[in-house]
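Inside the fold
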There are 2 protein chains.
Amino acid sequence: MQPTREKILDAVFELVYVYGYNGTSMSMILKKCEIPKGSLYHYFKSKKEMVLVVIEERLAPSMNAFYDFTNDGNKHPLDVLIDAINKVATKKQLVLYGCPLNRLNQEMSPIDKDFEAAITIIYKHMRAKIIILLGGANLQTNTNILAEFVIATVWGALSLSPAQSSEERYLDTVTPLINYLITLK
Amino acid sequence: MQPTREKILDAVFELVYVYGYNGTSMSMILKKCEIPKGSLYHYFKSKKEMVLVVIEERLAPSMNAFYDFTNDGNKHPLDVLIDAINKVATKKQLVLYGCPLNRLNQEMSPIDKDFEAAITIIYKHMRAKIIILLGGANLQTNTNILAEFVIATVWGALSLSPAQSSEERYLDTVTPLINYLITLK
DNA sequence: ATAACAATAGACCATTCAGTCTAATTGAAG
DNA sequence: CTTCAATTAGACTGAATGGTCTATTGTTAT
């Protein structure tokens, strides 16, 4: 069986992803984990501190996994990037709820410096990986700007009304992005 | 002096924009308006109903104003669109907090059907206006997809970490989008 | 002037919130 | 077995939540 602390982090990650920080209550978390309150507060001293741990131990790894391009050997960097963009479509939760980092960012960054800082670190790490990847392509374009553009477009595409969200719609929305990237080769 | 009902709607719009639906309490609203609770509940029967009214009477008009292209006479449709994209940079609040429709969408659409419906109506209306605009350009591309791509990219660019948000950064992020649009002429 | 309704005023309510506290239970080390 | 800390357990707290209720004040029509 999963250790209590890990069980809590998993539950908090999922609940905050869907309901947001302010939309997730401690009682929802306790119910989902089926643990007593004393256990939770034994591991974490407050709700905020707990979610900050979730950002580090759950959100950061899941984002980094997505932008880990080290395996791709001799492909053109832009094709590696395009593959990553397409791969997003296969993750049902992403298509349905959007990027968890972006969601939390929009909710919390404007109102809490600690969240903003934690989220910004992950964002910059992602962006750095893309910039490094694109660096190997000798493009005419500014790769810093290009990396940010790609992230913005993917995040935006994932945030379009969940009402009609689907794998196809995401891929449609992202088609011009891919067309543009191809022209840069 | 502004009528009470309008004063409430303005305050709720601003507070929900920054703090989100769940992050905005009735007491925050009452404090900002400096009105007693009885007045507020005289005009609105609940928090939810009140915010739905804000969506209709404040959010929808402010979004529609942005995508009203009727005035531009003989310009190329793509230039009209590019102007609109650039104009976003001049709105400090947009650059700082992101698109209010997108923010509310991400927070509420996954968890409340009524919010999702109200937000989707505004979104579709915006998109329709862009599609009509692009229709006058006889492009080789699918204008439906292109419209969604543009909205996604702008929303995404506005959502990138508020920590370093600025007019310049937004314009940078959006540069590849504009470059791409120019190639379609 | 008075009736009738709209609007203001804020005390009050049940519930939920995040968080505390003490006690019981477990598990590992000696 | 005993000791001692880690963990589980959940009753409890004070503050904040969204919402109700009754009383008062303004305004307008007759």
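In short, a report on the structure. (Residues numbered from 1 in each chain as written. Chains lettered and ligands numbered in written order. Predicted model: local features only at pLDDT ≥ 70, side-chain atom pairs only at ≥ 80, totals over all residues. Heavy atoms only, no water.)

1. A few points about the overall build of chain A
For chain A, the helix and strand inventory stands at ten helices and zero strands. Each helix and strand of chain A, ordered N terminal to C terminal, gives the series α-α-α-α-α-α-α-α-α-α. Counting only C-alpha atoms, chain A reaches 55 × 35 × 35 Å along its principal axes. Burial statistics for chain A: of 185 residues in total, 55% are counted as buried. Restricting to contacts in chain A with at least 6 residues of sequence separation, those with at least 24 account for 69%. Accessible area of chain A: about 8300 Å², with a carbon and sulfur share of 53%. (Helix = DSSP H or I, 4+ residues; strand = E, 2+ residues; numbered from the N terminus. Buried < 20%, exposed > 50% of the residue type's maximum accessible area, 1.4 Å probe, protein only. Contact = heavy atoms within 4.5 Å. Areas by Shrake-Rupley, 256 points an atom, 1.4 Å probe, with all protein chains shown as cover.)

2. Thoughts on the protein's contact with DNA strand C
The full set close to DNA strand C counts 15 residues, and Met26(A), Ser27(A), Lys37(A), Lys47(A) and Thr4(B) are the nearest of them. Among all atoms of DNA strand C positioned within 4 Å of the protein, those belonging to sugar or phosphate total 55%. In the environment of DNA strand C, a phosphate oxygen lies 2.7 Å from a nitrogen or oxygen atom belonging to the side chain of Thr4(B). Mapped by element, the contributors of at least two residues to the surface near DNA strand C are α2 (26–33) and α3 (37–43) of chain A together with α3 (37–43) of chain B. In terms of residue count, α3(B) provides more of the surface near DNA strand C than any other element does, five residues in total. (Near = heavy atom within 4 Å. Polar contact = N/O pair within 3.5 Å; in protein donor to acceptor, adjacent residues only side chain to side chain.)

3. Notes on the protein's contact with DNA strand D
Of all residues adjacent to DNA strand D, which total 15 residues, the nearest are Thr4(A), Met26(B), Ser27(B), Lys37(B) and Lys47(B). The sugar-phosphate share of atoms of DNA strand D within 4 Å of the protein amounts to 57%. Met26(B) is positioned such that a nitrogen or oxygen atom in its backbone is 2.7 Å from a phosphate oxygen of DNA strand D. Within the side chain of Lys37(B), one N or O atom sits 2.6 Å away from a base oxygen of DNA strand D. Mapped by element, the contributors of at least two residues to the surface near DNA strand D are α3 of chain A together with α2 (26–33) and α3 of chain B. No other element matches α3(A), which puts five residues into the surface near DNA strand D. The class makeup of the residues in the surface near DNA strand D is four nonpolar, eight polar and three charged. (Nonpolar A, V, L, I, M, F, W, Y, C, P; charged D, E, K, R; others polar.)

4. A closer look at the packing of aromatic side chains
Here the distance between the centres and the angle between the planes together describe a pair of aromatic rings. For the structure shown, the criterion picks out 15 aromatic pairs over all chains. Between the aromatic rings of Phe13(A) and Tyr17(A), the centroid separation amounts to 6.4 Å while the plane-to-plane angle is 20 degrees, which identifies the pairing as stacked. Here the residue Phe13(A) and the residue Tyr17(A) both occupy positions in helix α1 (residues 4–19), the gap between them amounting to four residues, near one helical turn. In this pair, the class of Phe13(A) matches that of Tyr17(A), namely buried. Counting every residue linked through ring pairs, the aromatic cluster contains Phe149(A), Tyr180(A), Phe149(B) and Tyr180(B). The ring of Tyr21(B) carries Lys47(B) above its face, with NZ or CZ at 4.4 Å from the centroid. (Phe/Tyr/Trp six-rings, centres within 6.5 Å; stacked < 30°, edge-to-face > 60°. Lys NZ or Arg CZ within 6 Å of the ring centre and 35° of its normal.)

5. Remarks on the pattern of salt bridges
Under the criterion given, the structure shown has 22 salt bridges over all chains. Each member of the salt-bridge network shares a partner with another, and the members are Arg5(A), Glu6(A), Asp10(A), Glu57(A) and Arg58(A). (Salt bridge = Lys/Arg side-chain N within 4 Å of Asp/Glu carboxyl O.)

6. What to know about the side chain of Glu107(A)
All names here are of chain A. With respect to the helices, strands and loops of the structure, glutamate 107 is situated in helix α7 (residues 100–108). Buried charge without a partner: glutamate 107 forms no salt bridge, and the closest opposite charge is arginine 103, 7.1 Å away. Ignoring anything within four residues of it in the chain, the contact list for glutamate 107 reads Gly20, Tyr21 and Asn22. (Lys, Arg positive; Asp, Glu negative; His and termini not counted.)

7. Examining the nonpolar core
Counting residues in hydrophobic clusters, the biggest one holds 140 residues, and the most contacted among them are Ile85(A), Leu101(A), Leu181(A), Ile85(B) and Leu181(B). Counting only domains with at least three residues in this core, you end up with domain 1 (1–48) and domain 2 (67–183) of chain B. (Core = buried A, V, L, I, M, F, W, Y, C linked by side-chain atoms within 4.5 Å. Domains from an automatic or database assignment.)

8. So, the relation of the copies chain A and chain B
Superposing chain A onto chain B takes a rotation of 180 degrees combined with a translation of 0.0 Å along the rotation axis, leaving an RMSD of 0.0 Å. Here the symmetry operator amounts to a two-fold rotation axis. Comparing interface residues between copies, 100% of those in chain A also lie at the interface in chain B; the contact surface is shared. (Least-squares fit on C-alpha atoms with pLDDT ≥ 70 in both.)

9. So, empty space enclosed by the protein
What the rule picks out here adds up to seven cavities of 30 Å³ or more. Space inside the largest cavity adds up to approximately 360 Å³. Taken together, 29 residues make up the lining of the largest cavity; nearest its centre are Arg103(A), Gln106(A), Glu107(A), Arg103(B) and Glu107(B). Taken together, the elements giving at least two residues each to the lining of the largest cavity come down to α1, α4 (47–66) and α7 of chain A together with α1 (4–19), α4 (47–66) and α7 (100–108) of chain B. No fewer than three residues from each of domain 1 (1–48) and domain 2 (67–183) of chain B sit in the lining of the largest cavity. (1 Å grid on protein atoms, 1.4 Å probe; cavity = no way out; pocket = protein on both sides within 12 Å on 5 of 7 lines; lining within 4 Å. Points joined across faces, edges and corners; volume = space filled by probe spheres on them.)

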